[in-house]
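Breakdown of the fold
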Amino acid sequence: MTQTQLFSSGLELANFVVSLDVLHNAWTAIWNLYTEISQNEGPSSLVKFKVFELPNCTIIAFFIWPANSKDYVQGNGGGDFVSTSTPKKSFPVFNFLCTKDNQEFSINKPALELFTSIFDVLPESVITNSKPLIINGNSLGGSVASLFTLSLLEKINFLTTKRQLCITFGSPLIGNEGLQEAISKYAAWNSCFLHVVSDQDPVPRVLISQTGFYKPFGMFLLCSKLGCSCFEDPPTILLLLKATYSRNPENQDPNLVFESYGAFAKDLNRKVIFMDTTESFDWTTPPLRAGIITQLVAIGLVPQQVTRLQFFLDHPISIFQVIAAAHTIDINAIITKIENQEKKLALFKKQVFDPSMKLNKVKVHMANLEWYKKVAKDNKIGYYDSYKNESHTSDLDVVIHTKTLTCYWEELVNEVEKRPQTVGASLRTGWLFGGTNYRRMIEPLDIADYYNKGKTDYLNRGRPKHYIKLEQWLNETAKPASVPNDSMKQNVASILTEDSCFWARVEEALISCKMLTGTGSSEMEKQSSRDSLFKFENYAYGLMKNYAVSPEIFLQGSSFMQWWREYEKIMGTSYSSDLTKLMKDYRNYDKYATGSL
């Protein structure tokens, strides 16, 4: 079997990004805001913003004076941050990002303070605009733009609203690994961020320390005078932010660095399209490694003039030795690290759980179980008891279908819990119908297995978590019906019992009957059993009254009818209740099945 070849598409993606008007428009908005502030106010440590309405999009630009960004963001050596472990009132806007597996993350405090200082006047109404929304900013203004974009993610429905795009120029990192994970694990959120970083700009690198506290998220467009390339793998981005910084003295003027982004936005398209990198590597180089080398050439890390093929013909030493000597960094090691990270990223993307990919297979297994249910009903026993008693050889096939479906839904529930709250809510709402059908069809079979093993108290001791979550999410979404409607009556013959734990309650009622008729039970145990039976009687009648239980329970071979026969003996002929009146008239069973009871 041939091994799949991996490729690095950073140059192609960069070419696409810079060929669009959006990058130029974003920078133009920031420059116009800068010009307006320079004329009317002058330098300030405050963040300013303005909304620009363009024919094809809305732009919100955030600006802070470049000279103030580096010192301000670096407060206390970059260790000044706010965490979700602090009181919620100090961190209310972003708590929705917390997940079960990621309860805590931190944000740079200076950036957060700037954001909260203008939060009350930010125009959130723009998210309802029919035009695409571009949010951008420079330096710390870019951090504020990122935080504003994050705050909108909770409110935007990606199925009905055009997603916003946040473009930053020279923005410092704003959060730790927890924040990175909260965003990066959901592709729709991560793709909302594009960070443009010049090799001349110290601000994006100011919070990169040896401790590695701050982590990047989103896509990074790294730029040099030669061109640019895109990167999305966080470890690779950190590595290149350190390696590509040009520390020339003339590039330390914050205003000159700020203005250089305008030149990048104007000229990058031409440089990406026409830059010749065809001789940057030996043609025997694997495609992934070759792509990485061309990307490093584009961002200025590998000098183009020493990467010509002719060099390999004239010099016996490695090209990487020359480059390393010139830059006092090991380029070969960097390329190898990036190559390894690209492979990990490709593997991660391949393993990301996509419920839609397995949906058709899930439908096939559910269809097989529907057929099994019909056959069992024709045999006057019901599919729960057919499976419980192993009445047919087809029961063995049911085990396979059940395990496959359970693995699928367990994985889906776990994925929902890992995602940020609003994303998880969107996912579980979209798949709730299928999850409810699965739970009502399959959980009875798990209950049968549980009690066949001689166990008791399934509800408190044996119920799997994914069933509990699926039921909880349904209850949070659906409003319980107080009375049965016409649709429920008309379709009662084909429904699945609404309470997927119905058969567990039946099994417990059977155990209570044995406790009352057995000789080894104490009076206290018998009284507890009587109470449980009265409770179950009212519960069962309530389901029937609302047409919420399958008519299969009235089949003579069902465990429910076994319970009824034992319960009738225990209570005697003189006992009368709503349920006993219904159950003693056999004609009611057919009336119930036709919705005419």
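Just above sits the structure.
Remember, predicted model here, so these are calculated numbers, not experimental data.

**Comments concerning the pairing of strand 2 (residues 58-63)**
Of all six residues in strand 2, six are buried; the element is thus mostly enclosed. Neither face of strand 2 is left uncovered, since the one carrying Thr58, Ile60 and Phe62 and the one carrying Ile59, Ala61 and Phe63 both have all their residues buried. For strand 1 (residues 48-53) and strand 2, the ladder comprises six bridges, and the chain directions are antiparallel. Residue pairing across strands places valine 51 opposite isoleucine 60, the latter belonging to strand 2.

**Considering the side chain of serine 500**
Within the element layout of this structure, serine 500 appears in the loop between helix 21 (486-490) and helix 22 (502-517). Given the relative accessible area of 0%, serine 500 is considered buried. Of note is the side chain of serine 500, whose polar atom sits 3.0 Å from the side chain of arginine 439. A distance of 2.6 Å separates the side chain of serine 500 from the side chain of glutamate 443, its partner in a polar contact. Not counting the four nearest positions on each side in its chain, serine 500 is found in contact with Arg439, Arg440, Glu443, Pro444, Ile447 and Arg463.

**Some thoughts on the nonpolar core**
Generally speaking, a soluble globular protein has its nonpolar side chains buried in company with each other. Counting 63 residues, the largest nonpolar core has Met544, Phe554, Phe560, Trp563 and Met583 as the members making the most contacts within it. A per-element tally of this core places helix 18 (residues 432-452) first, with nine residues. Leaving out residues up to four positions away in the same chain, phenylalanine 554 has contacts with Met544, Phe560, Met561, Leu582, Met583, Tyr589 and Tyr592. By size, the runner-up hydrophobic cluster in this structure holds 39 residues, among which are Val47, Leu114, Leu147 and Phe193.

**Overview of the sheet that holds strand 2**
Spatially, 1-2-5-6-8-10-11 is the arrangement adopted by the seven strands of the open sheet, whose pairing is mixed. The outermost strands of the open sheet, each flanked by one partner alone, are strand 1 and strand 11 (228-231). Each neighbouring strand pair of the sheet contributes to a mean axis angle of 20 degrees, computed without reference to strand direction. Both strand 8 (residues 193-198) and strand 10 (residues 219-223) contribute to a ladder of five bridges, which runs parallel. Along strand 10, the bridge assignment pairs histidine 195 with phenylalanine 220. Along the sheet, helix 2 (residues 21-40) contacts strand 1, strand 2, strand 5 (133-138), strand 6 (165-169), strand 8 and strand 10; its crossing angle with strand 2, the most-contacted strand, is approximately 50 degrees.

**Re helix 18**
Along an α-helix, a turn takes 3.6 residues, which lines up residues three or four apart on a common side. With 21 residues, helix 18 extends 30 Å from end C-alpha to end C-alpha; this agrees with the ideal 30 Å at 1.5 Å per step. Where helix 18 bends most, at isoleucine 442, the angle is about 30 degrees, and the proline proline 444 comes one to four residues later. The buried count for helix 18 comes to 15 of 21 residues, which makes it a mostly enclosed element. Within two residues after helix 18, glycine 454 carries a phi angle of roughly 80 degrees, on the positive side.

**Overview of the packing of helix 22 against helix 24 (residues 559-571)**
In the contact formed by helix 22 and helix 24, the axes pass within 10 Å of each other and the chain directions differ by 30 degrees. Between helix 22 and helix 24, the angle is such that the two are roughly parallel. Helix 22 and helix 24 meet at a crossing whose hand is left-handed. Side by side, helix 22 and helix 24 meet where Phe502, Trp503, Val506, Glu507, Ala509, Leu510, Cys513, Leu516 and Thr517 of the first sit next to Ser559, Phe560, Gln562, Trp563, Glu566, Tyr567 and Ile570 of the second. For the contact of helix 22 with helix 24, the per-class residue count stands at 11 nonpolar, three polar and two charged.

**As for the environment of valine 203**
With respect to the helices and strands, valine 203 occurs in the loop between strand 8 and strand 9 (214-215). Taking the C-alpha atoms as reference points, valine 203 and leucine 173, 30 residues apart in sequence, are found 9.0 Å from one another.

**Focus: the packing of helix 18 against helix 22**
At a minimum axis distance of 9 Å, the contact between helix 18 and helix 22 shows a crossing angle of 30 degrees. Judged by the angle between their axes, helix 18 and helix 22 are roughly parallel. Residues Pro444, Ile447 and Tyr451 of helix 18 pack against Trp503, Ala504, Glu507, Glu508 and Ile511 of helix 22. Within the contact of helix 18 with helix 22, the residues separate by chemical class into six nonpolar, no polar and two charged.

**Here we look at the pattern of salt bridges**
Once their charged atoms are close, side chains differing in charge can pair, the charge on each being opposite to the other. Under the criterion given, the structure shown has nine salt bridges. A salt bridge links arginine 463 to glutamate 471, with the nearest nitrogen and oxygen atoms 2.6 Å apart. In this structure glutamate 471 comes out as partly exposed when scored by relative accessible area, which is 22%. Aspartate 499 is the partner of arginine 505 in a salt bridge, and the nearest nitrogen-oxygen pair spans 2.9 Å. A network of salt bridges, in which partner residues are shared, links Glu443, Arg463 and Glu471.

**With respect to helix 22**
With 16 residues, helix 22 extends 23 Å from end C-alpha to end C-alpha; this agrees with the ideal 22 Å at 1.5 Å per step. Those residues of helix 22 that are buried are in contact with helix 15 (383-389), helix 18, helix 19 (458-462), helix 23 (523-545) and helix 24.

**Brief notes about the packing of aromatic side chains**
Given two aromatic rings, one states the distance between the centres and the angle between the planes to describe the pair. For the structure on display, the rule yields 42 aromatic pairs. Ring centres of tyrosine 450 and tyrosine 458 lie 5.3 Å apart, and the angle between their planes is 75 degrees; on these two criteria the pair is classed as edge-to-face. Neither residue differs from the other here; tyrosine 450 and tyrosine 458 are each classed as buried. Both rings, one in phenylalanine 536 and one in phenylalanine 560, keep their centres 6.4 Å apart while their planes meet at 55 degrees; by these two values the pair is tilted. Here the residue phenylalanine 536 occupies a position in helix 23, and phenylalanine 560 occupies one in helix 24, the gap between them amounting to 24 residues. Taken individually, phenylalanine 536 and phenylalanine 560 each receive the classification buried, so the pair is uniform in this respect. The residue whose ring lies beneath arginine 505 is tyrosine 539, and the NZ or CZ to ring-centre distance is 5.0 Å.

What counts, and at which threshold
Residues numbered from 1 in each chain as written. Predicted model: local features only at pLDDT ≥ 70, side-chain atom pairs only at ≥ 80, totals over all residues. Heavy atoms only, no water. Buried < 20%, exposed > 50% of the residue type's maximum accessible area, 1.4 Å probe, protein only. Helix = DSSP H or I, 4+ residues; strand = E, 2+ residues; numbered from the N terminus. Pairing = 2+ DSSP bridges. Polar contact = N/O pair within 3.5 Å; in protein donor to acceptor, adjacent residues only side chain to side chain. Contact = heavy atoms within 4.5 Å. Core = buried A, V, L, I, M, F, W, Y, C linked by side-chain atoms within 4.5 Å. Axes fitted to C-alpha atoms, helices over the stretch in contact; angles between N-to-C directions. Expected span 1.5 Å × (residues − 1). Bend = angle between axes of the 7 residues up to and from the residue. Parallel < 35°, antiparallel > 145°, perpendicular 65-115°, else oblique. Left-handed = near helix turned anticlockwise from the far one by under 90°. Nonpolar A, V, L, I, M, F, W, Y, C, P; charged D, E, K, R; others polar. Salt bridge = Lys/Arg side-chain N within 4 Å of Asp/Glu carboxyl O. Phe/Tyr/Trp six-rings, centres within 6.5 Å; stacked < 30°, edge-to-face > 60°. Lys NZ or Arg CZ within 6 Å of the ring centre and 35° of its normal.

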